[in-house]
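Observations on chain architecture
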Amino acid sequence: MTTTLPAYDEVVARYEPVIGLETHVELGTNTKMFCGCPTDFGGAPNTRVCPVCLGLPGSLPVANRAAVEATIRIGLALNCSIAQWCRFARKNYYYPDMPKNYQISQYDEPLCVDGYLDVEVNGEPVRISIERVHMEEDTGKTLHVGGATGRIHGATESLVDYNRAGIPLVEIVTKPIPGAGAMAPEVARAYVTELRDVLRSLGVSDVRMEEGSLRCDVNTSLNLPGEQWGTRTETKNVNSLRSVERAVRSEIIRQASVLTAGGRITQETRHFHEDTGDTTSGRSKETATDYRYFPEPDLVPVAPDPTWVAELKAALPELPRVHRRRLQQEWGLSDLDMQSILNAGAVELIEATIAAGATPTAARKWWLGELSRRANETGVELADIGATPKQVAELQGLVDAGKLTDKLARTVLEHVVAGEGSPAKIMADRKLEVVSDTGALTAAVDEAISANPAIADKVRGGKVAAAGALVGAVMKTTRGQADAKTVRELILERLGVQG
Amino acid sequence: MAAISREEVAHLARLSRLAVTEEELATLAGQLDVILQAVAQVGEVTAADIPPTSHSVPLTNVLRDDVVASCLTPQEALSGAPDAAEQRFRVPRILDEDVAS
Ligand SMILES: [Zn+2]
């Protein structure tokens, strides 16, 4: 059956979307949540396991203090209240990605509750309410054998590696977000972006979506204005910021086409596909949600000392939003200018370039100009363009010292991007330095004058504008490596004319 | 009134991936009911000054430092596994054929 999907604009003119986001963050602790197994990547299968994370009889879990601390810091950064007393819970399910047949999580007593995160969407502030932040453990990796391309469907057996089982995981859940209207996809993306930046500033995770250390599930539902919220679906496998936006958009369109055709939305898990940008149905939730949670008997309650929480709060780093505002003031930028820096993903690059000695104006000029242009052309992230903030600062230093003209600097930058080394080295290797040696420059000027006597006479006679042709001749003999203004001054001086 | 119904036992068996016959269901429901009734007697001694608890020891904050400890070797880890392949635990088909649509 092929149906033509409705246009997004028509859909959001008719229906109101409600979204919600559940984000899982793998903490960057040294060891797992409940045992001393290391968390580093890349080990051979089942080399990071012990009796605790294998759930062997007689073993007992003990919670990782660093993971509890990181979760509290995340909660504080998201303006949550920190529970004075809370417990872990067993989430029972029969699936071999956990050897215990349950996952240790938190259920009705999360460590952090009721917070918010302020984000900006197209320069407008939007406050996203946070329902909860809780601790749990990650699952193992399952290889499905015998089916098509590793899929569980049709597989005849599965092979399990428990290296990732028990890695500390923090789940951050928003309250439902109504009222975003057509902007719902952008709001979802802005939230995950800001959350990622907050987590990075806290230093609790490396927050790489592509590698799965930051994972996002997006809930979406539609309703007609004035009616109750619709049935929601949960889209998984959303592995980039761009995908968050695309997943919400495509799910809004899909649900609208079902509803408009008189159908009803099934509460289910859907999987996002990076290549096509749409979602397909996963397992139905109706038969799978009875996890029989109960308080984890093997772990005692966590009751964070209020003094400890206060200390952690006092020691929180400057959060990204505050940091950006301070930078904007320091750099003397308008909201619009700051926005273009944010959109280009250049804040940290410019900050580092300034720290390496460049002025804000110069740093911004290089990163938003030449380098952004190249990044767009070649389709790479600005941070991966091949030039470092230090190199850009050095380049500007050479311009400021009069060793490079702006044009020459751009040439040098091209070679920097190509990986030829530092600007100073490239300038020397490629003999790109401005000809500032007055002797050499005077000789070139004299040569130009004697080669063009008629023009020289015009200039002597007061037609100063004619000097341009002589400047051009000098620039030609110096292969563009002289400063045109200096050349012009020198020509007028040699011809005895005031500039 | 029974503390647990036959339907609840059947549901739990389904969740636990246990194949239970009708006959077993009747026996188990009866036995579980007796056990639960016995445990429920504890509830009769609850008093207002005894808060409900999930733990028998009054401890909180038993936490461990974030220091790497030694792991099992893969051979040790897999030694108790019913089956293994490619240094991984080998498990039977996860989805039933009828739901694998
Ligand atoms: Zn372990």
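Structure report, in brief. As the structure is a computational prediction, the values presented were derived from the model and not from experiment.

Within the protein, the atoms that donate to the zinc ion are Cys35(A) (SG), Cys37(A) (SG), Cys50(A) (SG) and Cys53(A) (SG), at distances of 2.3 to 2.4 Å. In this structure, the zinc ion is coordinated by four donor atoms arranged in tetrahedral fashion, with angles at the metal of 100 to 116°.

So, about the sheet that holds strand 5 (residues 102-105) of chain A. All names here are of chain A. If you trace the three strands from one edge of the open sheet to the other, you get 5-4-15, paired in antiparallel fashion. Each edge of the sheet is formed by a strand with only one pairing partner; in this case those strands are strand 5 and strand 15 (294-295). Both strand 4 (residues 89-92) and strand 5 contribute to a ladder of four bridges, which runs antiparallel. In the strand pairing of strand 5, Ala89 is matched with Ser105.

With that settled, the discussion passes to helix 6 (residues 320-331) of chain A. Residue and element names in this part refer to chain A. Compared with an ideal rise of 1.5 Å per residue, which puts 12 residues at 16 Å, helix 6 spans 16 Å between its outermost C-alpha atoms and is within 8% of the ideal. Along helix 6, the residues classified as buried are Pro320, His323, Arg324, Leu327, Gln328 and Trp331. Buried residues of helix 6, viewed axially, fall in a sector of 135°; they line one side. More than 90 degrees from the buried face of helix 6, the exposed residues found are Val322, Gln329 and Glu330. The secondary structure elements touched by the buried residues of helix 6 are helix 3 (184-202), helix 7 (335-343), helix 8 (347-355) and helix 9 (360-378).

Even without being a glycine, Val207(A) presents a positive backbone phi close to 40°. In this structure, Val207(A) sits in the loop between helix 3 and strand 11 (214-223). Judged by its relative accessible area of 4%, Val207(A) is buried. The phi angle at Arg17(B) is positive, at roughly 55°, despite the residue not being glycine. As for its position among the elements, Arg17(B) is in the loop between helix 1 (6-15) and helix 2 (22-44).

Moving on to the sheet that holds strand 8 (residues 141-145) of chain A. Strand-to-strand pairing in sheets goes through backbone hydrogen bonds, with the strands running parallel or antiparallel. Pairing within the open sheet is antiparallel, and its four strands lie in the order 8(A)-9(A)-3(B)-2(B). Only two strands of the sheet have a single partner each, and these edge strands are strand 8 of chain A together with strand 2 (84-85) of chain B. One ladder, built from four bridges, connects strand 9 (residues 157-161) of chain A with strand 3 (residues 88-92) of chain B; its direction is antiparallel. What sits directly across from Ser158(A), in strand 3 of chain B, is Val91(B).

Contacts between the two partners involve 37 residues from chain B, matched on the other side by 56 residues from chain A. A combined buried area of about 3,800 Å² lies between chain B and chain A, and 60% of that area is made up of carbon and sulfur atoms. Of all residues in chain B, the largest losses of buried area upon contact with chain A belong to Leu63(B), Arg64(B) and Asp66(B), amounting jointly to 19% of the total for that side. At the junction of chain B and chain A, the tally comes to two salt bridges. Notably, a salt bridge pairs Arg65(A) with Asp65(B), separated by 2.4 Å at the nearest N-O pair. Along the contact surface separating chain B from chain A lie 25 residue pairs in polar contact (both at pLDDT 80 or more). Sorting the residues of the side of chain B that touches chain A by element identifies helix 1, strand 1 (63-64), helix 3 (74-78) and strand 3 of chain B as the ones contributing at least two each. A total of five residues in the side of chain B that touches chain A trace back to one element, the largest contributor, which is strand 3 of chain B. Here the residues of the side of chain B that touches chain A sort into 20 nonpolar, nine polar and eight charged.

Further remarks concern the nonpolar core. All names here are of chain A. Grouped together as the largest cluster of nonpolar side chains are 90 residues, with contacts concentrated most on Ile74 and Ile172. When residues of this core are assigned to their parent elements, the largest contribution, 10 residues, is made by helix 3. When neighbours within four sequence positions are excluded, Ile74 is seen to be in contact with Leu27, Val133, Val170, Ile172, Leu199, Leu202 and Val204. Of all hydrophobic cores here, the second largest spans 34 residues; its members include Trp366, Leu382, Ala409 and Val434.

Attention now moves to the pattern of salt bridges. For the structure on display, the rule yields 44 salt bridges over all chains. We note a salt bridge from Glu157(A) to Arg90(B), for which the minimum N-O separation is 3.0 Å. Taken as a pair, Glu157(A) in strand 9 and Arg90(B) in strand 3 lie in two separate chains rather than in one. Put simply, Arg326(A) and Glu330(A) hold a salt bridge, and the shortest N to O gap is 2.6 Å. A residue pair is termed a helical-turn pair when its members lie 3 or 4 positions apart in one helix, as Arg326(A) and Glu330(A) do in helix 6 at four residues. Relative accessible area serves as the criterion here: at 34%, Arg326(A) is assigned to the partly exposed category.

With that out of the way, let us pick up helix 2 of chain B. In an α-helix there are 3.6 residues to a turn, and that puts residues three or four apart on one side. Residue and element names in this part refer to chain B. In this model, helix 2 (23 residues) spans 33 Å end to end at C-alpha, consistent with the 33 Å of a helix rising 1.5 Å per residue. By the burial criterion, the buried members of helix 2 are Leu25, Ala29 and Asp33. Buried positions along helix 2 lie against helix 1.

This part is about the pairing of strand 10 (residues 168-174) of chain A. Residues and elements named next belong to chain A. In terms of burial, strand 10 is a largely internal element, seven of the seven residues being buried. Alternating residues of strand 10 divide into Pro168, Val170, Ile172 and Thr174 and Leu169, Glu171 and Val173, and every residue in both groups is buried. Sheet topology note: the strand 1 (residues 16-26)/strand 10 ladder contains five bridges and is antiparallel. Along strand 10, the bridge assignment pairs Val25 with Val170. Bridge count for strand 7 (residues 124-137) against strand 10 is seven bridges, and the pairing is antiparallel. Within the sheet, the bridge partner assigned to Met135 lies in strand 10 and is Val170.

Moving on to the environment of Glu26(A). Residues and elements named next belong to chain A. Checked against the element boundaries, Glu26 lands in strand 1. When sequence neighbours within four positions are dropped, the list of residues in contact with Glu26 reads Phe41, Asp138, Arg164, Ile167, Pro168, Leu169, Val204, Ser205, Gly212, Ser213 and Arg215. One polar contact links Glu26 to Arg164, side chain to side chain, over a distance of 2.9 Å.

Here the structure, examined in full by the defined rule, presents five aromatic pairs over all chains. Ring centres 5.1 Å apart and planes at 55° place the aromatic pair Tyr162(A) and Phe89(B) in the tilted group. With Tyr162(A) in the loop between strand 9 and strand 10 and Phe89(B) in strand 3, this residue pair bridges two chains. With a relative accessible area of 5%, Tyr162(A) lands in the buried category. A residue is classified by how much of its surface remains accessible, and Phe89(B), at 13% relative accessible area, is buried.

All names here are of chain A. Contact geometry of helix 9 with helix 10 (residues 389-400) gives a least axis separation of 10 Å together with a crossing angle of 110°. Taken together, the axis directions place helix 9 and helix 10 in an arrangement best described as roughly perpendicular. The handedness of the crossing between helix 9 and helix 10 is right-handed. For the pair helix 9 and helix 10, the contacting residues are Ala362, Lys365, Trp366, Trp367 and Leu371 in the first and Pro389, Val392, Leu395 and Gln396 in the second.

Reading the values: rules and limits
All chains use their own residue numbering, which begins from 1 and follows the written sequence. Whichever chain is written first becomes A and whichever ligand is written first becomes 1, with later ones labelled in order. Given that this is a predicted model, residues contribute local features only at a pLDDT of at least 70 and side-chain atom pairs are listed and counted only at 80 or more, while totals for whole chains, interfaces and linings are drawn from all residues. Where side-chain values are given, they derive from all heavy atoms of the structure, hydrogens and water being excluded. Sites may look incomplete, because water is not among the atoms used; the donor set itself consists of N, O and S atoms within 2.8 Å of the metal (3.2 Å for Na, K and Ca). In these descriptions, tetrahedral denotes four donors with every angle between 85 and 135 degrees, square planar four donors and octahedral six donors with opposite donors over 155 degrees apart and the rest between 65 and 115, and irregular any other case. When DSSP finds two or more bridges between a pair of strands, those strands are recorded as paired. Labels follow the DSSP assignment, with helices taken as runs of H or I lasting at least four residues and strands as runs of E lasting at least two, numbered in each case from the N terminus. For a helix, the expected span equals 1.5 Å multiplied by the residue count minus one. Relative accessibility thresholds used throughout: buried, under 20% of the residue-type maximum; exposed, over 50%; partly exposed, between the two (1.4 Å probe, protein chains only). The arc in question is the one traced by the directions running from the helix axis out to the C-beta atoms. Every residue pair with non-hydrogen atoms within 4.5 Å of one another is taken to be in contact. Joining two parts hides part of their accessible area as seen by a 1.4 Å probe, and the buried area is that hidden amount summed over both. By salt bridge we mean one thing: a side-chain nitrogen of Lys or Arg within 4 Å of a carboxyl oxygen of Asp or Glu. As used in this structure description, the phrase polar contact means that two N or O atoms lie within 3.5 Å; if the pair is within protein, one of them must be able to donate a hydrogen and the other to accept it, and residues adjacent in sequence are counted only when both atoms belong to side chains. Side-chain classes follow a simple rule in which Ala, Val, Leu, Ile, Met, Phe, Trp, Tyr, Cys and Pro form the nonpolar group, Asp, Glu, Lys and Arg form the charged group, and the remainder, Gly included, forms the polar group. Among buried residues, those of type Ala, Val, Leu, Ile, Met, Phe, Trp, Tyr and Cys that are joined through side-chain atoms within 4.5 Å constitute a nonpolar core. Think of it this way: a Phe, Tyr or Trp ring, Trp meaning its six-membered ring, pairs with another when their centres are within 6.5 Å, and the plane angle makes it stacked under 30 degrees, edge-to-face over 60, tilted otherwise. Fitting a line to C-alpha atoms yields each axis, with helices limited to the stretch in contact; the angle taken between N-to-C directions then spans 0 to 180 degrees. Comment on the angle field: the value is read as roughly parallel under 35 degrees, roughly antiparallel over 145, roughly perpendicular from 65 to 115, and oblique elsewhere. In a left-handed crossing the near helix is turned counterclockwise from the far helix by less than a right angle, and in a right-handed crossing that turn is clockwise.

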